[in-house]
Amino acid sequence: MERGESERIEITISSRFENIELVQVIAEHLCENAGVDEDGSHWVGMAVREAVANAIKHGNKLDVEKKVNATFDLRGSELEITILDEGEGFDPEQVGDPLNPKNLMKTSGRGIFYMKTFMDRIDYSFQAGGGTSLVMTKNLSKPHGVARAHSVQRRETMKWSTHTVDGVEVIKLEGKITIGSGDSQLREVITNAINSGRSNILLDMGGVTTIDSSGIGELVGSYTTVANRGGKLKLLHLPAKLNELLHVTQLITVFEVYENEDEAVKSF
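Our subject in this report is the structure included herewith. Computed from a prediction, not measured in an experiment: that's the story for all the values here.

Each value, and the rule that gives it
All residue numbers here refer to positions counted from 1 along the written sequence of the relevant chain. The predicted nature of this model means local features are confined to residues of pLDDT at least 70 and side-chain atom pairs, given and counted, to a pLDDT of 80 or more, with totals for whole chains, interfaces and linings taken over all residues. Where side-chain values are given, they derive from all heavy atoms of the structure, hydrogens and water being excluded. Secondary structure elements follow DSSP: runs of H or I of four or more residues count as helices, runs of E of two or more count as strands, with numbering from the N terminus. Our radius of gyration is a C-alpha quantity, and the globule rule it is checked against amounts to 2.2 Å times the number of residues to the power 0.38. Accessible area is worked out with a 1.4 Å probe on protein chains only. A residue is then buried under 20% of its type maximum, exposed over 50%, and partly exposed in between. Accessible surface area values rest on a Shrake-Rupley calculation with a 1.4 Å probe, where residue burial reflects the displayed protein chains alone. For the purpose of charge, His is not counted, nor are the chain termini; Lys and Arg are scored as positive and Asp and Glu as negative. Here the site of a charge means NZ on Lys, CZ on Arg, CG on Asp, or CD on Glu. By the convention used here, residues are in contact when the closest approach between their heavy atoms is within 4.5 Å. For two strands to count as paired, DSSP must find a minimum of two bridges between them. Angular values range over 0 to 180 degrees, each being the angle between N-to-C directions of two axes fitted as lines to C-alpha atoms, with helices fitted over their stretch in contact. Centres within 6.5 Å are what make two rings of Phe, Tyr or Trp a pair, Trp counting through its six-membered ring; a difference in plane orientation under 30 degrees is then read as stacked, over 60 as edge-to-face, and the rest as tilted. Our definition puts a charge over a ring when NZ of Lys or CZ of Arg is within 6 Å of the ring centre and also within 35 degrees of the ring normal. When a carboxyl oxygen of Asp or Glu is within 4 Å of a side-chain nitrogen of Lys or Arg, the pair counts as a salt bridge. We define a nonpolar core as any set of buried Ala, Val, Leu, Ile, Met, Phe, Trp, Tyr and Cys residues linked to one another through side-chain atoms lying within 4.5 Å.

1. Some details on the overall build of the chain
At step 1: Along the backbone of the chain there are seven helices and 10 strands.
At step 2: In terms of C-alpha radius of gyration, the chain reaches 19 Å, essentially the compact-globule figure of 18 Å for 268 residues.
At step 3: Projecting the C-alpha coordinates of the chain onto the three principal axes gives extents of approximately 60 × 40 × 30 Å.
At step 4: Expressed as a percentage of its 268 residues, the buried residues of the chain come to 50%.
At step 5: For the chain, the exposed area adds up to about 12400 Å²; of that, 45% sits on carbon and sulfur atoms.
At step 6: If the 29 positive side-chain charges of the chain are averaged to one point and the 40 negative ones to another, these points end up 4 Å apart.

2. Regarding helix α6 (residues 240–248)
At step 1: Among the residues of α6, those classed as buried are Lys241, Leu242, Glu244, Leu245, Leu246 and Val248.
At step 2: Those residues of α6 hidden inside the fold are in contact with α2 (38–59), α3 (111–118), β8 (200–211), α5 (213–228) and β9 (232–236).
At step 3: Backbone geometry just downstream of α6 places Gln250 in the positive-phi region, at approximately 65°.

3. Some points on the sheet that holds strand β3 (residues 78–84)
At step 1: Pairing in this open sheet of five strands is antiparallel, and the strands run β1-β2-β3-β5-β4 from one edge to the other. Each edge of the open sheet is held by one strand with a lone partner, namely β1 (6–14) and β4 (121–126). The average angle at which neighbouring strand axes cross in this sheet is 15°, direction not considered.
At step 2: In terms of strand pairing, β3 meets strand β5 (residues 132–139) through seven bridges, oriented antiparallel. When the bridges of β5 are listed, Glu78 appears paired with Asn139.
At step 3: Sitting on the sheet, helix α1 (residues 20–33) is in contact with β1, β2 (67–75) and β3, with an inclination near 170° to β1.

4. Observations regarding the packing of aromatic side chains
At step 1: As enumerated under the stated definition, the model contains four aromatic pairs in all.
At step 2: Centroid distance Tyr114 to Phe118: 6.0 Å. Interplanar angle 10°. Geometry classified as stacked. Taken together, the positions of Tyr114 and Phe118, both in helix α3 and four residues apart, correspond to about one turn of that helix.
At step 3: Pairwise contacts between aromatic rings join Trp43, Phe113, Tyr114 and Phe118 into one cluster.
At step 4: Across the ring face of Phe268, the terminal group of Lys234 is positioned such that the distance to the ring centre comes to 4.5 Å.

5. What to know about the sheet that holds β9
At step 1: Pairing in this open sheet of five strands is mixed, and the strands run β6-β7-β8-β9-β10 from one edge to the other. Two strands lie at the open edges of the sheet, namely β6 (159–165) and β10 (257–258), each paired on one side alone.

6. Some points on the pattern of salt bridges
At step 1: With the rule as written, the count across this model stands at 16 salt bridges.
At step 2: Linking Glu169 and Arg198 is a salt bridge whose minimum nitrogen-to-oxygen distance equals 3.5 Å. Linking Glu169 in strand β7 (residues 168–177) with Arg198 in the loop between α4 (182–195) and β8, this pair joins segments that are 29 residues apart in sequence.
At step 3: We classify Arg198 as partly exposed; its relative accessible area is 31%.
At step 4: Between Glu218 and Arg187 there is a salt bridge, and its shortest N-O distance comes to 2.6 Å.

7. Digging into the nonpolar core
At step 1: Residues Met136, Ile190, Leu203 and Met205 are the most contacted members of the largest nonpolar core, which totals 67 residues.
At step 2: The element best represented in this core is α2, accounting for 10 residues.
At step 3: Dropping the residues within four chain positions of it, Met136 is found in contact with Ala47, Val48, Ala51, Leu79, Glu80, Ile81, Met115, Met119, Arg121 and Ile122.
At step 4: Counting seven residues, the second-largest nonpolar core is a separate cluster that includes Val168, Val170, Leu202 and Ala264.

What follows is the structure, encoded as structure tokens:
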């Protein structure tokens, strides 16, 4: 598909978290077919992921009988994406600014911020018969202004392995940390480590391919949980895309990040 052509794609899904992947893939493939590079396509896909997750969780309240409709309109280099739910809606103005210091360590509230960051414009409207409509636009010919990263293989689920070095629990994560799947797995592995008496935890993030606002929320929650137990949680081998997400929400100032495991272990 040459840039300058038009295309329209519409899909309707039930309110299940596993359906988010399908809508994200459509968004990324549409961008790639329009000549956008892998990084640019990824960030548009992440904005779509956050929008659909909000529609399922906050709009439709996880009611699988309610649908989410996603429409992609590409006109030249201008991409317009509409996400419509069938729920009672929510007021996006009530979501706190995640950059406000009092909200920095909250485990939720970053999804809309990411959408605003990765898209040119987002607009909410509320339907007379119920439901919330979100319209996001992106000029695909503009530079995307995010850190470049090498293309990585996608994995469907998160996997992990652990080993202990000088009393530090090193947890190696691989795959996706996203809503409804990897986020809960991350919570589980951290809880298991703490319950086993490991209060100092080093998360090796080198194998993480995708993380959304829910995954970021679990990282923040894990950090707080470990700190409340008198321990420390630090990060190792931060991928470029995750590094970018932590920077735009200023969470990079919270986490200690290392590139060398020996150096990280000695820091505890």
